[in-house]
Amino acid sequence: MDDSYEITHGLAVGVDDRHGDKDGDGFPNLAEYLKNTSASDAGSVPTADRMVGTGETYTTISSALASLTADDQIIVVKPGVYAESVGNTGAGAKRVFIISESVDPNITTLKPASGSTISSSKDLYLRGFTLSSAGGNGVGLTGSGSHGIVQCVLHGHSHGIYSQPASSSARNFVDVIGSIVLNGSGSGIYGATNASTFRLVHTTICGQASYAIYNSTSGGGGSTYTLTNCVMWNNGSSEFSMSGGAVTATYSCIKGSSVYSGTGNIRACY
Ligand SMILES: [Ca+2]
Ligand SMILES: [Ca+2]
């Protein structure tokens, strides 16, 4: 975002707050910037490029996504259960915002019969969904990009969020804000081959059979994970497997006796 836009709307210059929502209108600062609406006025909101739901032209997210001919488009999704695996990969992939019409993730659910729930090789912003699966990953991020997963519940996947940039020179930046990852058979976040940068804020990972966060050492995968006001609790193996990666935690509650860089953390409180 341009500094002039950030100054006009009271955003923090020099801080990557693209996935924040300063005015709380449900549209992230970046979408408001790209669509020329005000990031500091909840009465000024972008118009959806596509609407998905009963009675709309598009009744699946996949069909709306396939119809896009440009990047930086906004798909708004009405409440409902969408039994589809959404793929935003390959030659047709777009930078896209997929936003639930409701603030409540419990009434807008994405639940494929099998496989990963949503995958993307370009910038993906996803807000206000429950993602539920029968064994695949929740959000699979390949290619390289800047991604936001906001106010989502990721339930029962293998890995909740799986990031594997396309090459050692690519990198994924992933904001996870106000979300819960729980009760999957793998890890909550899996930093796979090649490096990613994760920022977790107000996010809980619990009840995963493996780790809260697992960092792979392959491909020079020196990923970083910055946690603020997060809870990592009761995951099957332990909270982190971090060889090759690094955790910095601040004002977070992390089960176990390990000490992590950062301040104000509560630990070993079990
Ligand atoms: Ca906003
Ligand atoms: Ca606004």
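Refer to the structure printed above.
Cut-offs applied
- Residues numbered from 1 in each chain as written.
- Chains lettered and ligands numbered in written order.
- Predicted model: local features only at pLDDT ≥ 70, side-chain atom pairs only at ≥ 80, totals over all residues.
- Heavy atoms only, no water.
- Phe/Tyr/Trp six-rings, centres within 6.5 Å; stacked < 30°, edge-to-face > 60°.
- Helix = DSSP H or I, 4+ residues; strand = E, 2+ residues; numbered from the N terminus.
- Donors = N, O, S within 2.8 Å, 3.2 Å for Na, K, Ca; no water.
- Buried < 20%, exposed > 50% of the residue type's maximum accessible area, 1.4 Å probe, protein only.
- Pairing = 2+ DSSP bridges.
- Salt bridge = Lys/Arg side-chain N within 4 Å of Asp/Glu carboxyl O.
- 1 Å grid on protein atoms, 1.4 Å probe; cavity = no way out; pocket = protein on both sides within 12 Å on 5 of 7 lines; lining within 4 Å.
- Points joined across faces, edges and corners; volume = space filled by probe spheres on them.
- Nonpolar A, V, L, I, M, F, W, Y, C, P; charged D, E, K, R; others polar.
- Polar contact = N/O pair within 3.5 Å; in protein donor to acceptor, adjacent residues only side chain to side chain.
- Contact = heavy atoms within 4.5 Å.

## Quick notes on the packing of aromatic side chains
Then, in step 1: As enumerated under the stated definition, the model contains 6 aromatic pairs in all.
Then, in step 2: A ring pair is formed by tyrosine 190 and tyrosine 214, whose centres lie 5.0 Å apart and whose planes are at 25 degrees; its orientation type is stacked. Pair noted here: tyrosine 190 is in strand 16 (residues 189-191) and tyrosine 214 is in strand 19 (residues 213-215), with a separation of 24 residues, a long-range link.
Then, in step 3: Members of the aromatic cluster, each reached through a chain of ring pairs, are Tyr162, Tyr190, Tyr211 and Tyr214.

## Regarding the coordination of the calcium ion (ligand 1)
Then, in step 1: Taken together, the protein donors to the calcium ion (ligand 1) comprise Asp21 (OD), Asp23 (OD), Asp25 (OD), Phe27 (O) and Glu32 (OE), at separations of 2.2 to 2.3 Å.
Then, in step 2: Read N to C, the donor residues that coordinate the calcium ion (ligand 1) are spaced as D-x1-D-x1-D-x1-F-x4-E.
Then, in step 3: Judged by its relative accessible area of 28%, aspartate 21 is partly exposed.

## Brief notes about the pairing of strand 5 (residues 96-100)
Then, in step 1: Counting buried residues in strand 5 gives 5 out of 5 residues, a clear majority hidden from the surface.
Then, in step 2: Taken together, the 5 bridges between strand 2 (residues 73-77) and strand 5 define a ladder with parallel strand orientation. Bridge pairing in strand 5 places glutamine 73 opposite valine 96.
Then, in step 3: Here strand 5 runs beside strand 8 (residues 124-127); their pairing, made up of 4 bridges, is parallel. Opposite valine 96, over in strand 8, you have leucine 124 as the bridge partner.

## Quick look at the pattern of salt bridges
Side chains carrying opposite charge are able to pair once their charged atoms draw close together.
Then, in step 1: For the structure shown, the criterion picks out 7 salt bridges.
Then, in step 2: When the shortest N-O distance is used, the salt bridge between aspartate 72 and arginine 95 registers 2.8 Å. Of the two residues, aspartate 72 is situated in the loop between helix 3 (61-67) and strand 2 and arginine 95 in the loop between strand 4 (86-88) and strand 5; the sequence distance between them amounts to 23 residues.
Then, in step 3: Take aspartate 72: its relative accessible area is 18%, and that puts it in the buried class.
Then, in step 4: Through salt bridges with shared partners, a single ionic network connects Asp71, Asp72, Arg95 and Lys122.

## Re the layout of surface pockets
Then, in step 1: Approximately 260 Å³ is the volume attributed to the largest pocket.
Then, in step 2: Contributing to the lining of the largest pocket are 18 residues, with Gly20, Asp175, Ile177, Arg199 and Val201 lying nearest its centre.
Then, in step 3: Of all elements in the fold, only strand 8, strand 14 (172-177), strand 17 (196-201) and strand 20 (224-228) reach the threshold of two or more residues within the lining of the largest pocket.
Then, in step 4: Taken together, the residues of the lining of the largest pocket sort by class into 7 nonpolar, 5 polar and 6 charged.

## Some details on the side chain of serine 120
Then, in step 1: Residue position: serine 120 is located in strand 7 (residues 118-120).
Then, in step 2: Of the residues examined, serine 120 reaches a relative accessible area of 0% and is grouped as buried.
Then, in step 3: Here lysine 122 takes part through its backbone oxygen, which lies 2.6 Å from a polar atom of the side chain of serine 120.
Then, in step 4: With near-sequence residues (within four places) excluded, serine 120 lies in contact with Asn88, Thr89, Gly140, Leu141 and Thr142.

## Quick look at the sheet that holds strand 13 (residues 161-163)
Then, in step 1: Read from one edge of the open sheet, 7 strands run 4-7-10-13-16-19-22, paired in parallel fashion. Edge positions in the sheet fall to strand 4 and strand 22 (240-241), since each has one partner strand and no second.
Then, in step 2: In this sheet, strand 10 (residues 139-141) lies alongside strand 7 in parallel orientation, the contact comprising 3 bridges. Residue pairing across strands places serine 120 opposite leucine 141, the latter belonging to strand 10.

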